[in-house]
Amino acid sequence: MQTFKEALDKQFGEGKFLLQKFRDNNRVIVPAEHLLEVMGVLKSVCGFDMLSDVTAVDYLNYPGAVDRYHVVYVLTNTGTAERLIVKVPVNDPDPAVPSLTGMWIGADWIERECYDMFGIVFENHPDLRRILMPEGFASYPLRKDYPLRGRGERHNFETVLRSDS
Amino acid sequence: MPVAPAPVPFPTISDDTPDKEYLYTLNFGPQHPATHTTLRLVLTLDGETIVKCVPDIGYLHSGFEKLGEDLDYNQYVTIVDRMNYISPIYNEIAWHHSVEKLLGIELTPRCKYIRTILGELARVSDHLLCVGAAALDLGGITAFLYAFNQREHIYNIIETMSGQRFHPSFTRVGGLMFDVNESWIDQIRKFVKDLPRAHDDITRLLNRNRIFIDRTKGVGYLSTEDAIRRGASGPVARGSGVVRDLRKDEPYLAYGDLDFNVIASKGGDCAARYLVRLEEIRESLKIIAQAVENIPSGPVNVDVAERFGIPDKGATYRSIEGLIQHFEMIMTNRRWEPPIEEVYGAVEAPNGELGFYVVSAGEGHAWRARCRPPSFIHFAMLPYLIEGHQISDVPAVIGSLNIIAAELDR
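Predicted model only: the values in this text are computed from it and were never measured.

Draft legend 1. Up close: the overall build of chain B. Across its full length, chain B holds 17 helices and eight strands. At 22 Å, chain B has a C-alpha radius of gyration in line with the 22 Å of a compact globule built from 410 residues. C-alpha extents for chain B along the principal axes are approximately 80 × 45 × 35 Å. Per-residue burial over chain B gives 52% buried out of 410 residues.

Draft legend 2. Highlighting the sheet that holds strand 2 (residues 40–46) of chain B. All names here are of chain B. With antiparallel pairing, three strands are arranged side by side in an open sheet as 1-2-3. Strands at the two margins of the open sheet, each flanked by one partner only, are strand 1 (24–28) and strand 3 (49–56). Strand after strand, the sheet turns through a mean of 20 degrees between neighbouring axes, direction not considered.

Draft legend 3. A look at the confidence of the model for chain A. Across chain A, the average pLDDT comes to 85, with 98% of residues at or above 70. Mean pLDDT across the secondary structure elements of chain A bottoms out at helix 1 (residues 4–12) of chain A, with 78, and peaks at strand 4 (residues 69–77) of chain A, with 91.

Draft legend 4. Region of interest: the confidence of the model for chain B. Residue and element names in this part refer to chain B. The predicted model of chain B has a mean per-residue pLDDT of 86, with 94% of residues at 70 or higher. Across residues 1–13, confidence stays below pLDDT 50; counting only partners more than four residues off in sequence or on other chains, it has 22 contacts. Here the predicted complex scores 0.88 on pTM and 0.90 on ipTM.

Draft legend 5. Quick look at the pairing of strand 5 (residues 82–90) of chain A. Residues and elements named next belong to chain A. Bridge count between strand 2 (residues 25–29) and strand 5: three bridges; the pairing is parallel. Bridging from a neighbouring strand, Val 28 pairs with Val 86 of strand 5. The pairing of strand 4 with strand 5 spans nine bridges and is classified as antiparallel. By the bridge assignment, His 70 is partnered in strand 5 with Pro 89.

Draft legend 6. Molecular detail of the sheet that holds strand 8 (residues 366–372) of chain B. Residues and elements named next belong to chain B. In spatial order, the strands read 6-7-8; together these three strands make up an open sheet with antiparallel pairing. Since the sheet does not close on itself, it has two edges, and those belong to strand 6 (342–349) and strand 8, each with one partner. Each neighbouring strand pair of the sheet contributes to a mean axis angle of 15 degrees, computed without reference to strand direction. Where helix 3 (residues 88–103) meets the sheet, its contacts fall on strand 6 and strand 7 (352–360), and the angle it forms with strand 6 comes to roughly 150 degrees.

Draft legend 7. Inspection of the packing of helix 4 (residues 109–137) of chain B against helix 11 (residues 270–293) of chain B at higher detail. Residues and elements named next belong to chain B. Contact pair helix 4 / helix 11: the axes reach a minimum separation of 9 Å and the direction vectors enclose 155 degrees. With respect to their mutual orientation, helix 4 and helix 11 come out roughly antiparallel. Crossing of helix 4 against helix 11: the hand is left-handed. Contacts between helix 4 and helix 11 involve Tyr 113, Thr 116, Ile 117, Glu 120, Leu 121, Arg 123, Val 124, His 127, Leu 128, Cys 130, Val 131 and Ala 134 from the former and Tyr 274, Arg 277, Leu 278, Glu 280, Ile 281, Ser 284, Leu 285, Ile 287, Ile 288, Ala 291 and Val 292 from the latter.

Draft legend 8. Examining the interface of chain B and chain A more closely. Of the residues lining the interface, 34 residues belong to chain B; the matching set on chain A comes to 31 residues. Going through the elements one at a time, helix 1 (64–67), helix 8 (224–229), strand 6, strand 7, strand 8 and helix 14 (374–379) of chain B are the ones with two or more residues in the side of chain B that touches chain A. Looking at the side of chain B that touches chain A residue by residue, the class counts come to 13 nonpolar, six polar and 15 charged.

How each quantity is defined
- Residues numbered from 1 in each chain as written.
- Chains lettered and ligands numbered in written order.
- Predicted model: local features only at pLDDT ≥ 70, side-chain atom pairs only at ≥ 80, totals over all residues.
- Helix = DSSP H or I, 4+ residues; strand = E, 2+ residues; numbered from the N terminus.
- Rg over C-alpha atoms; globule rule 2.2 N^0.38 Å.
- Buried ≥ 20, exposed ≤ 12 C-beta atoms within 10 Å, placed from the backbone.
- Pairing = 2+ DSSP bridges.
- Axes fitted to C-alpha atoms, helices over the stretch in contact; angles between N-to-C directions.
- pLDDT = per-residue confidence, 0-100.
- Contact = placed C-beta atoms within 7 Å.
- Parallel < 35°, antiparallel > 145°, perpendicular 65-115°, else oblique.
- Left-handed = near helix turned anticlockwise from the far one by under 90°.
- Nonpolar A, V, L, I, M, F, W, Y, C, P; charged D, E, K, R; others polar.

See below:
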């Protein structure tokens, strides 16, 4: 079982991806086109068999930000309890990353939530639709340009009267 | 009739079923006593057998993650409390674990021990409720009441400490809201002595109960590989043979000093998860009993000189550093100055791996506060676990996964 650094260097060449370390987290920044390959290497060669979390961060107006969104994957090696955080930068318009449901079926709901909250499309996801917000909701709530108190959707819900049905 | 039904082979999702004429669609609606709060299942049934299950969640979505970007690191603990509301203290411990990792704070030994004790009390409380509710959903109300009686004692302990029974909002960055006193310690000692009797009562009521075993054995089987592939953690994963406990794998707080076992089972079904939780109550009592005798003396909050917390009134009024620090912490445009970085910190909550991904932009509030919710990830497994079972197995499986809607929807 190689360390993730050795495995990535071996597969893609030395220092292809930016590696960061903060406190006890190891992070690697991977562009979206290499994501599936990198995840495949990490899963099969380095033993990161569990996908703990998929989330996104919106860096609009963040100090020192280059890309608008980063999709963050937290991988865990259940054998050695090692963790790795993989971040994929994505930008407007049409932010999209490949879906990991082919490798980890548990990713489907978490990716749906990420789509629901940020509008990041996960390509080849079996069922990409809103999960927490109601179906007709038009905005992506966790983006930084969506205000905390919303845009009045709470007061404009469509009501279904008993006489209609 | 056999003693226990044969284990159901792991079902697979089939694509061609729902359009057949004889199939009946049932709405296991958001208001239903067996769904443990507001979640909705649309079941496609062939008689009583579930052919397909489509969950619909979001009824309790309250924008907790958006609020995390507005409230600061100490205010957000009130929101985090309300996520897994069965064991609120553990959510606070998890939140401040991540925030303190971001800020680079090392807690005082006393604080670590007290947080450990509180965490294990929360774990006992959560498991008692889950075990009691498992019995209640299947009709055994007595075990439920035995469990809830013990939870009242835990509420009394938390009320002694913080004034609130349920959502104490007790942890702060760098320490706790108040220190604890002897009466709290005595109450815990009494609780540790009294719980085993109720635990034995529940065990005697349920473990060899023909009806309980028939309704939980072989139901909702989750294999080890599937548990890992679907991201299960906590008792759900340990009940399927994934021996992974963050208290041992990535020790935090005082767990490194204390002696306890990790409980796991190879069964993979509802009965296995129930037994794992029941035994974990016993292990948690061991931890509490050891920790409460060994609480180190000393301050509970980190030192004023480290400039992370609001100092107590003695330091505020009698020292200039305390006064300055108090001012810095209270004025809303000052507060903390965390590094402009992000961190993921996870703890072993009673439900599973509860992690917080905190991104900071150098201000007193988080830029992004993401909660990795174990209930959400476990609920995603429900359609796969329940396919091929009967309707009456739905409460058993939902109960064994310990789905808590506030953590599911946030």
